[in-house]
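Here's the letter readout for the chains.
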Amino acid sequence: MSITGIGTLTVRPLDPLKDAELLHSWVTHPKAAYWMMQDAALQDVEREYIRIAAHEHHHAYIGLHDGVPAFLMETYDPRYVELVGLYDPEPGDVGMHFLVAPTDRPIHGFTRAVITAVMDELFADPRTRRVVVEPDVSNKAVHALNEAVGFVAEREIDKPEKRALLSFCTREQFLAARGVAV
């Protein structure tokens, strides 16, 4: 996806061994506090992404900005991962997490461009009817980003690791948020 003023954003499958060092620097950075891996050792990150790579219903991708790693994207089937027993999934639901890499040279609008590219990627699959997210209730910045791309908060839920805001975005809501006629 090419975005004026931002550049080209693409994704590739994450390689848990080759990408572990890069991921470790991202997930342990102070700006990634909501990723809950602040104290993770390199081996912990490697193990976590090996686990995800082996999981049938959870996938991880490295997002590239003009060919350079710049963000992490995870998808999951909420019937089997993250939200089991916390809501009633519908056919076509896809769970999503994303993390923008820390940088010394921020680009205005970059994080919004990333979440838009992530949503484009998810809705490129015609089977995806609705994207589900469950960010920490105190993560106001991501709530604003989610709302900007069409997510509607449903309710707070208790997960083992956090109190989360369960939110949904249909294809129609996403397109409407982008100003595309539905």
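Residues numbered from 1 in each chain as written. Predicted model: local features only at pLDDT ≥ 70, side-chain atom pairs only at ≥ 80, totals over all residues. Heavy atoms only, no water.

Moving on, we come to the layout of surface pockets. Taken as a whole, the largest pocket holds about 1400 Å³ of empty space. Surrounding the largest pocket, 47 residues form its lining, Lys 31, Trp 35, Phe 98, Leu 99 and Val 100 being those nearest its centre. It is strand β5 (residues 93–100) that provides the largest number of residues to the lining of the largest pocket, a total of five residues. Of the residues in the lining of the largest pocket, the class split is 26 nonpolar, nine polar and 12 charged. Approximately 510 Å³ is the volume attributed to the second largest pocket. Forming the boundary of the second largest pocket are 21 residues, of which Asp 93, Val 94, Asp 125, Arg 127 and Thr 128 lie nearest the centre. (1 Å grid on protein atoms, 1.4 Å probe; cavity = no way out; pocket = protein on both sides within 12 Å on 5 of 7 lines; lining within 4 Å. Points joined across faces, edges and corners; volume = space filled by probe spheres on them. Helix = DSSP H or I, 4+ residues; strand = E, 2+ residues; numbered from the N terminus. Nonpolar A, V, L, I, M, F, W, Y, C, P; charged D, E, K, R; others polar.)

Another point: the pairing of strand β7 (residues 152–158). Where β7 and strand β8 (residues 163–170) come together, six bridges link them in antiparallel fashion. In the strand pairing of β8, Ala 153 is matched with Ser 167. Between β7 and β8, which pair antiparallel in sequence order, lie four residues. (Pairing = 2+ DSSP bridges.)

Moving on: the confidence of the model for the protein chain. When pLDDT is averaged along the protein chain, the result is 92, and 97% of the positions lie at 70 or above. Per-element confidence in the protein chain is highest for strand β6 (residues 130–133), whose mean pLDDT is 98, and lowest for strand β1 (residues 2–3), whose mean pLDDT is 68. (pLDDT = per-residue confidence, 0-100.)

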